[in-house]
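# A closer look at the structure
Spelled out from the first residue to the last, the chains are:
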Amino acid sequence: MELNNLIQKNQSRNISVRWDEQATGPQNAPTWTARVFINEMECGRGSALNINGAREIAAEHAVRMLWAHGPR
């Protein structure tokens, strides 16, 4: 949620966001890894037992990176 808010506040910068998700491990208990790319640069990565958890972790990492360095 915080990532979406941050991107919306910076709409004038034409920020593009892309997600990549991948499941590994057994089909009945996969581990999901999500990566978030901002302007085609990987800004966050997270792994969890479900896709939403992985995306949340990746988004948190991206927000920390954006606050530290600003969007490029």
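In short, a report on the structure. (Residues numbered from 1 in each chain as written. Predicted model: local features only at pLDDT ≥ 70, side-chain atom pairs only at ≥ 80, totals over all residues. Heavy atoms only, no water.)

### Considering the sheet that holds strand β1 (residues 17-24)
Using the following cut-off: Two strands pair under a simple rule: DSSP has to find at least two bridges between them. Helix and strand definitions follow DSSP, with helices as H or I runs of at least four residues and strands as E runs of at least two, each counted in order from the N terminus. Orientation is described by lines fitted to C-alpha atoms, with helices fitted over the stretch in contact, and by angles between N-to-C directions that extend from 0 to 180 degrees. Two residues form a contact once any of their heavy atoms are found within 4.5 Å.
Pairing is antiparallel across the open sheet formed by three strands, whose spatial order is β1-β2-β3. Strand pairing shows two members of the sheet lacking a second neighbour, β1 and β3 (41-48), which therefore form its edges. Within the sheet, the average angular offset between the axes of one strand and its neighbour, ignoring direction, is 15°. Summarising the sheet, strand β2 (residues 31-38) and β3 pair through seven bridges and their orientation is antiparallel. For A34, the partnering residue across the bridge sits in β3 and is G46. Helix-sheet contacts for helix α2 (residues 51-69) involve β1, β2 and β3, and the interaxial angle to β3 is about 140°.

### Thoughts on the packing of aromatic side chains
Let me state the cut-off plainly: A pair of aromatic rings is counted whenever rings of Phe, Tyr or Trp (Trp by its six-membered ring) have centres within 6.5 Å, and the orientation is called stacked for planes under 30 degrees apart, edge-to-face for over 60 and tilted otherwise. For a lysine, the NZ atom is tested; for an arginine, the CZ atom; a charge sits over a ring if that atom is within 6 Å of the ring centre and within 35 degrees of the ring normal.
Evaluation of the coordinates by the stated rule reveals zero aromatic pairs. The side chain of R18 reaches across the aromatic face of F37, ending 4.2 Å from its centre. R55 extends its terminal NZ or CZ atom over the ring of W19, reaching a point 4.1 Å from the ring centre.

### Quick look at the environment of L3
The line we're drawing: We call a residue buried when its accessible area falls under 20% of the maximum for its residue type, exposed when it is over 50%, and partly exposed in between, using a 1.4 Å probe and counting protein chains only.
Among the structural elements, L3 can be located in helix α1 (residues 2-9). A relative accessible area of 4% means that L3 is categorised as buried. The spacing of L3 and P30 is 27 residues in sequence and 25 Å in space, taken between C-alpha atoms.

### Overview of unusual backbone geometry
Negative phi is the rule for most residues except glycine; trans is the rule for most peptide bonds. The phi dihedral of N39 is positive, around 50°, even though this residue is not glycine. Residue placement: N39 occurs in the loop between β2 and β3. For N39, a relative accessible area of 27% puts it in the partly exposed group. Positioned with a positive phi, E40 is a non-glycine residue whose angle comes to about 65°. In this structure, E40 sits in the loop between β2 and β3.

Just geometry here; none of it tells us what the structure is for.
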